[in-house]
Amino acid sequence: MPDAHPTGPHTTDPRIVPTDVAVPVAEPEVFDPLRLCIFATIALLGWLLGPIALVFFAGLGVVGYGKARRAGLLKSKCLLGDTRLVLAYLGLLVIVGAAALVIGFGPWELT
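Quick caveat, the model's predicted, so the values are computed rather than measured.

Asker: Outline the pattern of salt bridges, supporting the account with residue identities and numerical values.
Answerer: Tallying each qualifying case throughout the model produces one salt bridge. Between Arg84 and Asp82 there is a salt bridge, and its shortest N-O distance comes to 2.7 Å.

In structure tokens:
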């Protein structure tokens, strides 16, 4: 036999909802500017490491976009759009950074 009190702990009627249960309130979604932190870190590394950072990050981009293109990605979210253009741009950056390391030109010169 169920409890005589309708909100008691032994109530078997599923239509009765206990009033002492805390209902979680969803926190409002707050924008996390993580990308800005990432961009600032990459800019810092570029400033500190110069052409070494340029060759590294552009080379990393070439590898990543090369794999994505072989997997079927034809249109990128990058401003250039077509992955062939993105690969050409990143490849050019690798060449320019490598040339700056070997020849010593550009804004990284210490003289």
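Asker: Go over the packing of helix α2 (residues 51–70) against helix α3 (residues 83–103) with me, naming the residues and quoting the values.
Answerer: Packing of α2 against α3 brings their axes to within 8 Å, and their N-to-C directions diverge by 155 degrees. What the angle tells us is that α2 and α3 run roughly antiparallel. Crossing angle aside, the handedness with which α2 passes α3 is left-handed. For the pair α2 and α3, contact is made by Pro51, Ile52, Leu54, Val55, Ala58, Gly59, Gly61, Val62, Tyr65, Gly66 and Arg69 and by Thr83, Arg84, Val86, Leu87, Leu90, Gly91, Leu93, Val94, Gly97, Ala98, Ala100 and Leu101, respectively. When grouped by side-chain class, the residues that make up the contact of α2 with α3 number 15 nonpolar, six polar and two charged.

Asker: How would you summarise the packing of helix α1 (residues 34–49) against α2 if you had to cite specific residues and measurements?
Answerer: In helix packing, the relevant descriptors are the interaxial angle and the interaxial distance, both defined with respect to the helix axes. It is the contact of α1 with α2, at a shortest axis distance of 6 Å, that shows an interaxial angle of 135 degrees. One finds that α1 runs oblique with respect to α2. Contacts from Ile42, Leu45, Gly46 and Leu49 of α1 reach α2 at Pro51, Ile52, Ala53 and Phe57. For the contact of α1 with α2, the per-class residue count stands at seven nonpolar, one polar and no charged.

Definitions and limits used
- Residues numbered from 1 in each chain as written.
- Predicted model: local features only at pLDDT ≥ 70, side-chain atom pairs only at ≥ 80, totals over all residues.
- Heavy atoms only, no water.
- Salt bridge = Lys/Arg side-chain N within 4 Å of Asp/Glu carboxyl O.
- Axes fitted to C-alpha atoms, helices over the stretch in contact; angles between N-to-C directions.
- Helix = DSSP H or I, 4+ residues; strand = E, 2+ residues; numbered from the N terminus.
- Parallel < 35°, antiparallel > 145°, perpendicular 65-115°, else oblique.
- Left-handed = near helix turned anticlockwise from the far one by under 90°.
- Contact = heavy atoms within 4.5 Å.
- Nonpolar A, V, L, I, M, F, W, Y, C, P; charged D, E, K, R; others polar.

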